[in-house]
Amino acid sequence: MTTTVSAEFVKQQAAEVGFQACGIAPAAPLHSEEFPLRQWLAAGYHADMDYMQQHVDMRYDPRQLVEGARSVVSLLLAYKPDRRTEGNLRIAQYAYGDDYHQRLKDMLFQLMDRLKQRYPDFQGRPFVDTAPISDRHWAVRAGLGWIGNNTLLLNPHYGSYCFIGEIVTTSAMDRYDEPVAGSCGNCRRCVQACPNGAIVFNVESHCFMVDARSCSSYNTIENRDDSLPENVDTKGYIFGCDICQLACPYNETAPSSFSLSDDRKEAIEHLPLADETAFRHFAKHSPLNRIKYPQWQRNIAHASKNR
Ligand code: B12
Ligand code: SF4
Ligand code: SF4
């Protein structure tokens, strides 16, 4: 039996490491009503993301991912920039900075080191978007917000402009958080703003889901085909898409957490003209490393044709 960990201590250390919010949930399986992954897959909304079909049971139960897991520590790293880039061709705001996978992972390891210093028998594994675990649903369980109609985690203070990571640990906590009682109410701004009607209401699950096949974010990032579907209008986005987030009133009032320097802004604005060497140089430490230069050029050609 491992030592029971103070939740207060975890949160204090998380804040010192630089996370904007931290919540903790017991590592009990997710119900299919709160995470209708099987319905999403059955509808074909995952497009070519075959990895979403793998380890489905594990996505419902973190104890299959980390043996003996007792708690999930969920952490938010906010990224709303203080200004946006200009120009007709643009990348999503989450990609303005360095690759968040690396940054978040470094921070999660720092937090684990601090916890191990205080609790030498503390054991856990950090995750960011890369393992079969649904980041948003654990954040909801840990009281960090609710799932908005745009299907993203909406934190009442930071909106949806935040990355999510977690530590799944075998330690028990002395206190757990409860989900918050927030909701989108009658608002449908994001659904109406989507240029591709990609946010669809799933009658069976009684909630909104993203059909990736029509989503600009999927198409500009995950789609590996030589050309993009003609009916997808990316509205100038050549990597990711912000439209359903820009429409959200919570994001309007959220504080900015990332300062876009003049140099970085200029580099991003010139990126559509970059040759392969310059693109690779920029992409190396950025979320853009998810795509190769031919995809980048495909996205530019598609967005230019739409315009
Ligand atoms: C696959 C994936 C995608 C796919 C599919 C997106 C999707 N909505 O499923 C694509 C490529 C399109 C995508 C795009 C983006 N992604 Co993405 N993606 C993921 C990934 C890897 C898995 C998501 C997943 O499990 N989908 C499967 C379906 C079944 O799950 P679901 O969508 O959660 O089910 C929905 C419904 O059932 C409904 N629902 C379920 N329960 C309930 C309960 C209630 C009360 C209600 C009302 C609704 C409801 O809402 C659910 C939320 O979508 C996660 C990382 C991770 N491991 O969790 C990141 C992740 C969701 N992505 C992220 C980001 C930042 C984005 C983009 C904003 C990037 C961009 N700017 O282009 C866009 C946003 C597009 C959008 N509106 O979703 C962040 C989101 C952070 C946040 N605040 O929520 C994550 C969590 C990565 C991270 N670690 O930070 N993504
Ligand atoms: S990311 Fe863009 S295309 Fe995808 S659901 Fe949101 S607004 Fe629609
Ligand atoms: S725009 Fe409205 S409906 Fe969409 S996520 Fe924000 S509050 Fe919810």
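Everything numeric here is computed off the predicted structure, so don't read it as measured data.

Enquirer: For this particular structure, what's the right way to read the site of ligand 3?
Expert: All residues in the neighbourhood of ligand 3 are listed as Gly148, Asn149, Asn150, Leu154, Cys184, Cys187, Arg189, Cys190, Cys248, Pro249 and Tyr250. Looking at the shell around ligand 3, the elements with two or more residues in it are α6 (189-193) and α9 (249-253). Of the residues that constitute the shell around ligand 3, the class distribution is seven nonpolar, three polar and one charged.

Enquirer: Looking at this model, I keep getting lost on unusual backbone geometry. Mind explaining?
Expert: Leave glycine aside and you will find that most residues have negative phi; peptide bonds, for their part, are mostly trans. The backbone phi angle of Ala47 is positive, close to 50°, even though this residue is not glycine. Inspection of the secondary structure assignment puts Ala47 in the loop between α2 (37-42) and α3 (56-60). Positive phi, close to 65°, is recorded for Asp129, a residue that is not glycine. Looking at the secondary structure, you find Asp129 in the loop between β4 (124-127) and α5 (135-141).

Enquirer: I'm lost on helix α4 (residues 100-118) in this one. Help?
Expert: In an α-helix, one turn spans 3.6 residues; hence positions three or four apart end up facing the same way. For α4, built from 19 residues, the straight-helix expectation of 27 Å at 1.5 Å per residue is met to within 8% by its first-to-last C-alpha distance of 27 Å. Packed against the buried residues of α4 are α1 (7-17), β2 (71-78), β4 and β7 (162-169).

Enquirer: When you look at the packing of aromatic side chains in this model, what are you seeing that I'm missing?
Expert: Each aromatic ring pair is specified by the distance between its two centres and by the angle formed by the two planes. This model, assessed by the stated rule, comprises twelve aromatic pairs. Note on Phe35 and Tyr60: the rings are 5.2 Å apart at their centroids and 50° apart in plane angle, and the pair reads as tilted. One end of the pair, Phe35, is in the loop between β1 (21-26) and α2; the other, Tyr60, is in helix α3, with 25 residues separating them in the sequence. For the ring pair Phe279 and Tyr293, a centre distance of 5.7 Å and an interplane angle of 50° mean the geometry is tilted. With a gap of 14 residues between them, Phe279 in helix α11 (residues 276-283) and Tyr293 in helix α12 (residues 293-306) connect regions that are remote in the sequence. A residue is classified by how much of its surface remains accessible, and Phe279, at 2% relative accessible area, is buried. In textbook terms, an aromatic cluster arises when at least three aromatic residues are bridged by ring pairs, as seen for Tyr79, Tyr94, Tyr100, Tyr161, Phe163 and Phe239. Looking at Arg90, its charged tip hangs above the ring of Tyr237, at a distance of 5.3 Å from the centre.

Enquirer: What exactly am I supposed to notice about the pairing of β2 here?
Expert: If a strand is regular, its side chains alternate between the two faces of the sheet. In terms of residue burial, β2 counts as a mostly covered element, since eight of its eight residues are buried. Burial of β2 is two-sided: the residues Ser71, Val73, Leu75 and Leu77 facing one way and the residues Val72, Ser74, Leu76 and Ala78 facing the other way are all buried. Alignment of β1 against β2, held across six bridges, turns out to be antiparallel. Within the sheet, the bridge partner assigned to Gly23 lies in β2 and is Ser74. Taken together, the eight bridges between β2 and β7 define a ladder with antiparallel strand orientation. From the neighbouring strand, Ser74 faces β7, where its bridge partner is Glu166.

Enquirer: I would appreciate a short explanation of the layout of surface pockets in the present structure.
Expert: A probe matching the size of a water molecule, rolled over the atoms, marks out where space remains unfilled. In this structure, the second largest pocket occupies an estimated 240 Å³ of space. Along its surface, the second largest pocket is lined by 13 residues, and Tyr79, Gly97, Arg103, Phe163 and Phe258 are the ones closest to its centre. Residue assignment for the lining of the second largest pocket shows that the elements contributing at least two residues are β2 and α4. Partitioned by chemical class, the residues of the lining of the second largest pocket number seven nonpolar, four polar and two charged.

Enquirer: Can you help me understand the pattern of salt bridges in this one?
Expert: Where charged atoms from two side chains of opposite charge come close, those side chains can pair. Within this structure, the stated rule accounts for twelve salt bridges. Across the salt bridge formed by Asp262 and Arg83, the nearest N and O atoms sit 2.6 Å from each other. Of this pair, Asp262 sits in helix α10 (residues 262-270) while Arg83 is found in the loop between β2 and β3 (90-91), placing the two residues 179 residues apart along the sequence. The closest approach of N and O atoms between Lys265 and Glu86, which form a salt bridge, is 3.0 Å. Here Lys265, found in helix α10, pairs with Glu86, found in the loop between β2 and β3; they are 179 residues apart in sequence, far enough to count as distant.

Enquirer: What should I look at first to understand the environment of Lys235 in this one?
Expert: By the element assignment, Lys235 lies in the loop between α7 (216-222) and β10 (237-239). For Lys235, the contacting residues outside a window of four places in its chain are Arg90, Pro195 and Ile243.

Enquirer: Before we go on, may I ask you to explain the environment of Gly185 in this structure?
Expert: Following the sequence through the fold, Gly185 ends up in the loop between β7 and α6. Taking the C-alpha atoms as reference points, Gly185 and Met52, separated by 133 residues in sequence, lie 29 Å from one another.

Conventions adopted
- Residues numbered from 1 in each chain as written.
- Chains lettered and ligands numbered in written order.
- Predicted model: local features only at pLDDT ≥ 70, side-chain atom pairs only at ≥ 80, totals over all residues.
- Heavy atoms only, no water.
- Near = heavy atom within 4 Å.
- Helix = DSSP H or I, 4+ residues; strand = E, 2+ residues; numbered from the N terminus.
- Nonpolar A, V, L, I, M, F, W, Y, C, P; charged D, E, K, R; others polar.
- Expected span 1.5 Å × (residues − 1).
- Contact = heavy atoms within 4.5 Å.
- Phe/Tyr/Trp six-rings, centres within 6.5 Å; stacked < 30°, edge-to-face > 60°.
- Buried < 20%, exposed > 50% of the residue type's maximum accessible area, 1.4 Å probe, protein only.
- Lys NZ or Arg CZ within 6 Å of the ring centre and 35° of its normal.
- Pairing = 2+ DSSP bridges.
- 1 Å grid on protein atoms, 1.4 Å probe; cavity = no way out; pocket = protein on both sides within 12 Å on 5 of 7 lines; lining within 4 Å.
- Points joined across faces, edges and corners; volume = space filled by probe spheres on them.
- Salt bridge = Lys/Arg side-chain N within 4 Å of Asp/Glu carboxyl O.

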